[in-house]
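# Coordinate analysis (summary)
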Amino acid sequence: MFIHNQRGILLNSALKLFIRKAALYLCFLFLLAPLFNSFSVSAAKSPSKGFQDIKIISAEKLTYKDGFTHLEGAVQMLVDDLLISAPEVKVQDKKKAEFLREVKVSSDRLNIVAKHMEVDLATGLIKIYSGLTEIKQNQNNYNIDADLQTMDYKKGFFTAKSEDKQMTALHKDLTVTADKMEGQFNPVAKGSPGANSQLDKVSFIGSVIAKKETSQIKSDKLLIFPQQKLYRAIGDASFIYLEPTKEFRLKGDFLNLEELEANKYVVLASTNSSRKLINFTSPARRLAGRAKFARLWLENDNASEVVFTGDCDIRVDNKRIQGEEVYLDNVNKKMLSNLNRPKAIMLKREKLTF
C-alpha cells in the first residue's frame, strides 16, 4: 500500500510539473503571437511599400509588452533582404525599429556600419546616424561617410549630410566632399541574377570638391551619372590640374566632363552669360586664354589639347592670338587659328594672366 501511495505521489508531482511547464510555454507563445503576427505578413496582404517581412534570427533576451519588443545581446534580424545585427534592438509593432550601438547591415545591394539606425516599417525609410554606407555596383562600389543618411530602400532614393563637417563619398578613384548629397539607385528585385544595384544619378550640393591624386573639380553643385560616365559641374566651376610643373586651371559657370575610356576624358566648359568668358590659365607653362567655350582633351588628368571658340584671346609666352576659334596644342605650346582672320600680336612686358 505504501509503494502504491508513493507512486501516486510521484505521478501527481510529475503531472503537476508537466502542466506548469505547458502553461508557461503556452503563455510564452501567447505573448509572442502578436509579435510574430506583425512580423510575418503574407505578400498578398503586404502594402507595396515599407517593411512588413521581418524575422528574428537570434537574440539572448527578448521582452514584449503592449506592442513593444526589446531585444538584447547579439541580435540578428532579417528585414526584407537586409541582414541587420546590433547589440540592442527596440521594435514598435508595424511602426518603427531602432538598432542601437555597432549596427551592421548587409545585403546583395549594400553594406552599412553605423552607431545608430532607425527603420520606419510602414514607409521603408531608413535613417543612418554616424555611418558608413557602401552601395554595391557591378564594377565600382559607392562609399558614403556622413553624420546622417536617409534612404528610401524600396524606391532607391538617398541623401547624406553632416553637421560639423562636410560629408564624404568615394566614387571610383574620386573623393568628393560637399555639404549635402542626394542620389538615386535602381533597386533590383530579390533573387534576380546579378542583384547589385545600378546607381543612376548622384548630386553633390554646396562647396563641392571632387579630388583625384593630381586633379580636382570645384563647383557649387556636381552631378554624376555613373552609367553614362558623365560628370557635370554647375556654378563657379573649375577643373584644376595640381602637378606643379604642369599646373593649369579651367574656370567657367558650367563644366561637362565625359569619360571616353580609362584615364581619358573630354571637358566642355561654358558660361551662362554672353558677357562672361571662361578662363584657362597655366602659369607654369606661361599660358593663359579666355573664350565663350572651351573643349579640353584630358589624358591622365593632363590637358593635351584645347579648342577655344567665341571671342578667343589666347596667350603663350610673348605670343597672342585673337579670333573666333583657336586650337592649342598644350603639350608643344603651339597655336592655330583658322576662322575670321585671326589677329596675332607680339606681347612685351604684359601680364600673362587675365
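Rules behind the numbers
- Residues numbered from 1 in each chain as written.
- Predicted model: local features only at pLDDT ≥ 70, side-chain atom pairs only at ≥ 80, totals over all residues.
- Heavy atoms only, no water.
- Buried < 20%, exposed > 50% of the residue type's maximum accessible area, 1.4 Å probe, protein only.
- Helix = DSSP H or I, 4+ residues; strand = E, 2+ residues; numbered from the N terminus.
- Pairing = 2+ DSSP bridges.
- Core = buried A, V, L, I, M, F, W, Y, C linked by side-chain atoms within 4.5 Å.
- Contact = heavy atoms within 4.5 Å.
- pLDDT = per-residue confidence, 0-100.
- Salt bridge = Lys/Arg side-chain N within 4 Å of Asp/Glu carboxyl O.

Among the eleven residues in strand β14 (residues 215-225), eight count as buried, and that is most of the element. Direction of pairing for β14 relative to strand β15 (residues 230-241): antiparallel, over a ladder of nine bridges. The residue of β15 that forms the bridge with Ile224 is Tyr231. Taking the residues between adjacent antiparallel strands as the criterion, β14 and β15 are bridged by four residues, where Lys229 takes a positive phi near 55°.

Before going further, it helps to examine unusual backbone geometry. Not every positive phi belongs to a glycine, and Ser130 is a case in point at roughly 50°. Note on placement: Ser130 falls in strand β7 (residues 125-135). Judged by its relative accessible area of 37%, Ser130 falls in the partly exposed class. For Ser207, which is not glycine, the phi torsion reads 50° and is therefore positive. With respect to the element layout, Ser207 can be found in strand β13 (residues 198-211). You can call Ser207 partly exposed: its relative accessible area is 48%.

Attention now moves to the nonpolar core. Ranked by internal contacts, the top residues of the largest apolar core, which has 74 residues, are Phe99, Met117, Tyr142, Met181, Phe204, Leu296 and Phe308. For this core, the element with the most residues is strand β21 (residues 302-316), which contributes six residues. In contact with Phe308, not counting residues within four places along its chain, are Ile278, Phe280, Ala291, Phe293, Ala294, Ile314, Glu324, Glu325, Val326 and Leu328.

Another aspect to go through is the confidence of the model for the chain. Confidence along the chain averages 78 in pLDDT terms, with 76% of residues attaining 70 or more. Confidence, expressed as mean pLDDT per element, reaches its minimum in the chain at helix α1 (residues 2-39) with 42 and its maximum at β14 with 94. A low-confidence stretch, residues 345-349 (pLDDT under 50), is modelled with nine contacts involving residues beyond four sequence positions or located in other chains.

The next thing to look at is the environment of Leu100. Summarising the element assignment, Leu100 is placed in strand β5 (residues 96-106). With 14 residues separating them along the chain, Leu100 and Ala86 place their C-alpha atoms 6.3 Å apart. Ignoring anything within four residues of it in the chain, the contact list for Leu100 reads Ala86, Pro87, Glu88, Lys90, Lys115 and His116.

A separate point is the side chain of Glu88. Tracing the chain through its elements places Glu88 in strand β4 (residues 82-92). Beyond its immediate chain neighbours, meaning those up to four positions away, Glu88 contacts His70, Leu71, Glu72, Glu98, Phe99, Leu100 and Arg101.

This next bit is on the pattern of salt bridges. On inspection of all chains with the given rule, the structure shows twelve salt bridges. Residues Asp173 and Lys212 are paired through a salt bridge, measuring 3.6 Å at the closest nitrogen-oxygen approach. Of the two residues, Asp173 is situated in the loop between β10 (167-171) and β11 (174-178) and Lys212 in the loop between β13 and β14; the sequence distance between them amounts to 39 residues. A salt bridge links Asp236 to Lys251, with the nearest nitrogen and oxygen atoms 3.6 Å apart. With a gap of 15 residues between them, Asp236 in strand β15 and Lys251 in strand β16 (residues 248-261) connect regions that are remote in the sequence. Overlapping salt bridges bring together Arg290, Asp313, Arg315 and Arg320 as one network.

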